[in-house]
Amino acid sequence: MSITTFTNALMQNSFFRFLYNLQDLFWIVLIVALFLGYGEFQRKQRMQLVHSPLVNDFFFVDYYQIDKSSDRKYRYLPVKITHIDSEHVAFVAGNYGHSKPASIDNQVKFDAPMQYRFFKKQEFFVSRAEFEAWAKQGIIYDVARPEKFYINGWIVLTPGELLRGNELNRRYLTQAA
């Protein structure tokens, strides 16, 4: 029996014909699943930055769980680390939130952090243990560390902020070592 004859015999069976017709759908579902799985893998890697924050890192949080007096509807916003030491983390919160968890790109698109008053002036201090607990509780849902001035191609830091952050990070990492 040749392969062609065997294939034709299988195609006569309605179950095998049904499976054969679904193979394209199988490949599409597999590709989508791999894409989503890789995205989740990348997010988990970014979340490891919670254990080693640096000045100018952006953390995306459910701010209403941090400050109950904040806006309940537009609760998902970025916070930017402004100072770190061995026991505390200081940050400023964004003024512009979203009603549901927004991606990194949606938070920083159109160079939004460069706008005047994008961040509040008031600086908040929290212990590192509490900061790490926020990640475990899901309050922190994503993290982005700028590459020079940029996050995903969008400008998020001024040259002065970059220089200040690099100097503070250098001092902190020298003391920690």
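First things first, this report covers the structure right here in the doc. (Residues numbered from 1 in each chain as written. Predicted model: local features only at pLDDT ≥ 70, side-chain atom pairs only at ≥ 80, totals over all residues. Heavy atoms only, no water.)

**Details of the side chain of R75**
This is how it is decided: Helix numbers and strand numbers start at the N terminus; a helix is a DSSP run of H or I with at least 4 residues, a strand a run of E with at least 2. Here the term buried applies to any residue with accessible area under 20% of the maximum for its type, exposed to any over 50%, and partly exposed to those in between, with areas from a 1.4 Å probe on protein chains only. By the convention used here, residues are in contact when the closest approach between their heavy atoms is within 4.5 Å.
Relative to the helices and strands, R75 resides in the loop between α4 (63-66) and β2 (76-84). On the basis of relative accessibility, which here comes to 18%, the residue R75 falls in the buried class. Those residues in contact with R75 that lie beyond four places of it in its chain are V61, D62, Y63, Y64, Q65 and H98.

**Some thoughts on the packing of aromatic side chains**
Definition in use: A pair of aromatic rings is counted whenever rings of Phe, Tyr or Trp (Trp by its six-membered ring) have centres within 6.5 Å, and the orientation is called stacked for planes under 30 degrees apart, edge-to-face for over 60 and tilted otherwise.
In the structure shown here, the tally under the stated rule is 13 aromatic pairs. Seen in terms of ring centroids, Y63 and F124 are 6.4 Å apart; in terms of plane orientation they differ by 65 degrees. Their pairing is edge-to-face. Taken together, the residues Y63 in helix α4 and F124 in strand β4 (residues 119-127) connect sequence positions 61 residues apart. Residue Y63 is classed as buried on the basis of its relative accessible area, which comes to 2%. Ring plane angle 75 degrees and centroid distance 5.9 Å describe the contact between Y76 and Y141, whose orientation is recorded as edge-to-face. Taken together, the residues Y76 in strand β2 and Y141 in strand β5 (residues 140-144) connect sequence positions 65 residues apart.

**Some remarks on the sheet that holds β2**
Operational definition: Strands pair, by our definition, only if DSSP identifies at least two bridges between them. The convention used is that axes are lines fitted to C-alpha atoms, helices contributing only their stretch in contact, and that angles between N-to-C directions extend from 0 to 180 degrees.
Taken in spatial order, the 5 strands make up an open sheet running β4-β3-β2-β1-β5, and their pairing is antiparallel. With partners counted over all chains shown, the strands left at the sheet margins are β4 and β5, one partner each. For this sheet, the mean angle separating the axes of adjacent strands, direction not counted, is 30 degrees.

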